[in-house]
Amino acid sequence: DGADGADGPLADRRVLVHCWRGGMRSHAIAWLLRHHTPLQPILLEGGYKAYRTWAQAIYGPVPTGKKAVEADVVAATAAMALQGPSPPIVIVGGRTGCGKTKVLLALQEHCKQQVIDLEGLACHKGSSFGWVNNPPQPTPTQFENNVAYHWHHFDPTKPVFVEDEGPNIGSVSTPRGLYQRMRTAPVVVRLLSCMPQRVAILVEDYYSPTARANTPDYDVRMRGAIRGLQKRLGPERVASLLAALDNGDGHSVAQGLLEYYDGRYDRHIQNAGGTGSGGGQRNSCMLDVSTLVSPEPNEMATEEVFDEKMIAERIVAVVQEFFAQQAAPTK
């Protein structure tokens with residue numbers, strides 16, 4: 001009965017039909033649905049294989065090499081032609097705990113900028129502890145599809161703000177074409193914060209009662225994640241972190257981990273490949289933006305107030321100035 005009502009389960013009668021290559025199987029099912037049900041089938045031309053080719057090629061040039069198949073290269077080139085020009089990327093970077101994700105969401109919601117939240121789509125914050133307060137991750141293929149879907153809807157004349165992720169976000173990978181564009185983005189906004197502010201953000205994100213309550217087996221998994229860093233931190237530092245965790249001292253845990261993550265991120269933001277041990281030099285223009293109420297960067301400050309809307313407004317201002325200078329005629 002609900003199928004006949006405007007708000008029933010079949011109110012939207014469209015259904016996408018596809019097989020792997022878009023052949024007879026999907027055409028037959030679509031014919032059956034069209035003639036024997038109230039549904040309105042929509043065929044995915046070329047099948048799921050063509051969709052995957054499109055999803056992987058949407059960010060830019062087609063990778064070539066020994067494994068490249070001529071038909072796939074042709075299909076990918078056609079997909080890129082349909083997509084048209086891609087928007088420029090602005091990277092939002094900064095050391096762990098400087099509030100990059102909070103600022104990214106403020107750029108989207110408060111400043112109405114184009115944003116792709118890779119960590120939100122991946123259901124993971126990217127570090128060894130990124131699973132905290134997150135649902136299960138999508139499959140790697142579904143993650144790539146979701147990112148491509150969001151990218152497809154961007155205005156190519158306006159920049160897209162992306163957090164400075166690594167090649168992997170938990171169990172999924174940043175799409176290769178997008179990652180290459182992220183490493184060669186024209187501008188990187190580097191958030192500069194102070195230690196008390198960063199520790200407060202990490203405690204809220206990873207050790208608050210809400211984070212613990214929303215994470216199954218929190219204590220067991222947290223201890224396992226800390227032990228997993230023993231090769232890099234050494235047994236004494238790991239033992240100290242575990243003791244602080246057992247004592248409910250999230251501030252000491254956060255501060256101890258920052259000492260490890262800071263060095264790795266400083267290498268990540270600078271090198272060409274974007275890994276903690278990568279080489280080469282990133283050629284992006286680095287623009288520093290303070291997260292403190294006082295606009296002057298000061299890592300020795302004791303301020304914990306974090307105003308993501310204010311920071312987002314600062315970022316928009318410096319990025320607009322950057323692109324205006326790029327567009328200005330040279331004398």
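Residues numbered from 1 in each chain as written. Predicted model: local features only at pLDDT ≥ 70, side-chain atom pairs only at ≥ 80, totals over all residues. Heavy atoms only, no water.

Q: Quick one: what's the story with the nonpolar core, residue by residue and with numbers?
A: Of all hydrophobic cores here, the largest spans 26 residues; its most connected members are Phe129, Tyr207, Met222, Ile226 and Leu257. Counting residues per element, the ones that place at least two in this core are helix H8 (195–207), helix H10 (218–227), helix H12 (235–246) and helix H13 (250–270). The element contributing the most residues to this core is H13, with six residues. With sequence-adjacent residues up to four places away left out, Met222 is seen in contact with Phe129, Trp131, Val132, Tyr206, Tyr207 and Leu245. By size, the runner-up hydrophobic cluster in this structure holds 25 residues, among which are Tyr59, Phe154, Ile169 and Val172. (Core = buried A, V, L, I, M, F, W, Y, C linked by side-chain atoms within 4.5 Å. Buried < 20%, exposed > 50% of the residue type's maximum accessible area, 1.4 Å probe, protein only. Helix = DSSP H or I, 4+ residues; strand = E, 2+ residues; numbered from the N terminus. Contact = heavy atoms within 4.5 Å.)

Q: Can you explain H10? Please cite residues and give values.
A: At 3.6 residues per turn, the α-helix brings residues three or four places apart onto the same side. When H10 is considered as a whole, its buried residues turn out to be Tyr218, Met222, Ala225 and Ile226. End-on, the buried residues of H10 take up no more than an arc of 100°, which puts them together on one face. (Arc of directions from axis to C-beta.)

Q: For the sheet that holds strand E8 (residues 187–192), give the residues involved together with the corresponding values.
A: Read across the sheet, five strands follow the order E4-E5-E3-E8-E9 without closing on themselves; strand pairing throughout is parallel. Each edge of the sheet is formed by a strand with only one pairing partner; in this case those strands are strand E4 (114–116) and strand E9 (285–290). Looking at each pair of strands side by side, their axes are set apart by 30° on average, direction ignored. The pairing of strand E3 (residues 89–94) with E8 spans five bridges and is classified as parallel. (Pairing = 2+ DSSP bridges. Axes fitted to C-alpha atoms, helices over the stretch in contact; angles between N-to-C directions.)

Q: Please set out the environment of Cys285 residue by residue, giving values where relevant.
A: Tracing the sequence through the fold places Cys285 in strand E9. Under the relative-accessibility criterion, Cys285 is labelled partly exposed at 29%. Along the primary structure Cys285 and Phe322 are separated by 37 residues, whereas in three dimensions their C-alpha atoms are 9.1 Å apart. When neighbours within four sequence positions are excluded, Cys285 is seen to be in contact with Pro186, Val187, Val188 and Phe322.

Q: Requested: an account of the pairing of strand E5 (residues 160–163), with residues and values cited.
A: Covered by surrounding structure in E5 are Val160 and Val162 together with Phe161 and Glu163, the residues of both alternating faces. Taken together, the four bridges between E3 and E5 define a ladder with parallel strand orientation. Opposite Ile91, over in E5, you have Val162 as the bridge partner. Sheet topology note: the E4/E5 ladder contains three bridges and is parallel. Paired with Ile116 across the strands is Val162, a residue of E5.

Q: Account for the packing of aromatic side chains, naming residues and giving values.
A: Scanning all chains against the criterion turns up eight aromatic pairs. Relative to Trp151, the ring of Tyr59 has its centre 5.5 Å away and its plane inclined at 65°; by these criteria the two rings are edge-to-face. Note that Tyr59 is positioned in the loop between helix H2 (47–57) and helix H3 (70–83) and Trp151 in helix H6 (residues 140–152), a separation of 92 residues in sequence. Looking at Tyr59, the relative accessible area reads 2%, which means it is buried. The exposure class of Trp151 is buried, given its relative accessible area of 0%. Centre to centre, the rings of Phe322 and Phe323 are 5.2 Å apart; their planes meet at 75°, and the pair counts as edge-to-face. According to the relative accessible area criterion, Phe323 is partly exposed, its value standing at 24%. The ring of Tyr265 has Lys100 lying over it, and the distance from NZ or CZ to the ring centre is 5.5 Å. Positioned above the aromatic ring of Tyr206, the side-chain terminus of Lys125 is 5.1 Å from the ring centre. (Phe/Tyr/Trp six-rings, centres within 6.5 Å; stacked < 30°, edge-to-face > 60°. Lys NZ or Arg CZ within 6 Å of the ring centre and 35° of its normal.)

Q: How would you summarise the environment of Asn271 if you had to cite specific residues and measurements?
A: You can see Asn271 is positioned in the loop between H13 and E9. Since its relative accessible area comes to 3%, Asn271 is described here as buried. Along the backbone, Asn271 and Asn283 are 12 residues apart, and their C-alpha atoms lie at a distance of 8.8 Å.

Q: Report on the confidence of the model for the protein, specifying residues and quantitative values.
A: Averaged over all residues, the pLDDT of the protein is 87; the fraction at 70 or higher stands at 84%. Residue range residues 1–6 is modelled with pLDDT below 50. Its contacts to residues more than four positions away, or to other chains, number eight contacts. Scored below 50 in pLDDT, residues 62–73 shows nine contacts in the model against residues more than four places distant or in partner chains. (pLDDT = per-residue confidence, 0-100.)

Q: Break down the packing of H2 against H6 for me, citing the residues and quoting the values.
A: The relative placement of two packed helices is expressed as an angle between their axes plus a distance between the axes. At a closest axis distance of 9 Å, the pairing of H2 and H6 adopts a crossing angle of 65°. The chirality of how H2 crosses H6 is left-handed. Mapping the contact onto sequence places Tyr48, Tyr51, Arg52, Trp54, Ala55 and Gln56 in H2 and Thr141, Glu144, Asn145, Ala148 and His152 in H6. Residues belonging to the contact of H2 with H6 are distributed by class as follows: five nonpolar, four polar and two charged. (Left-handed = near helix turned anticlockwise from the far one by under 90°. Nonpolar A, V, L, I, M, F, W, Y, C, P; charged D, E, K, R; others polar.)

Q: Pulling in residues and values, what's your account of the pattern of salt bridges?
A: Pairing between side chains of opposite charge can happen when the charged atoms of each approach one another. A full pass over the atoms with the stated rule returns 12 salt bridges. Residue Arg95 pairs with Asp266 through a salt bridge whose shortest N-O separation is 2.7 Å. In this pair, Arg95 sits in the loop between E3 and helix H4 (100–109) while Asp266 sits in helix H13, placing the two residues 171 residues apart along the sequence. For Arg95, a relative accessible area of 26% gives the class partly exposed. For the salt bridge of Arg183 with Asp164, the shortest nitrogen-to-oxygen distance reads 3.4 Å. Here Arg183, found in helix H7 (residues 176–183), pairs with Asp164, found in the loop between E5 and strand E6 (168–169); they are 19 residues apart in sequence, far enough to count as distant. The buried category is assigned to Asp164, whose relative accessible area is 6%. A single salt-bridge network, built from bridges that share partners, covers Arg95, Arg198, Asp262 and Asp266. (Salt bridge = Lys/Arg side-chain N within 4 Å of Asp/Glu carboxyl O.)

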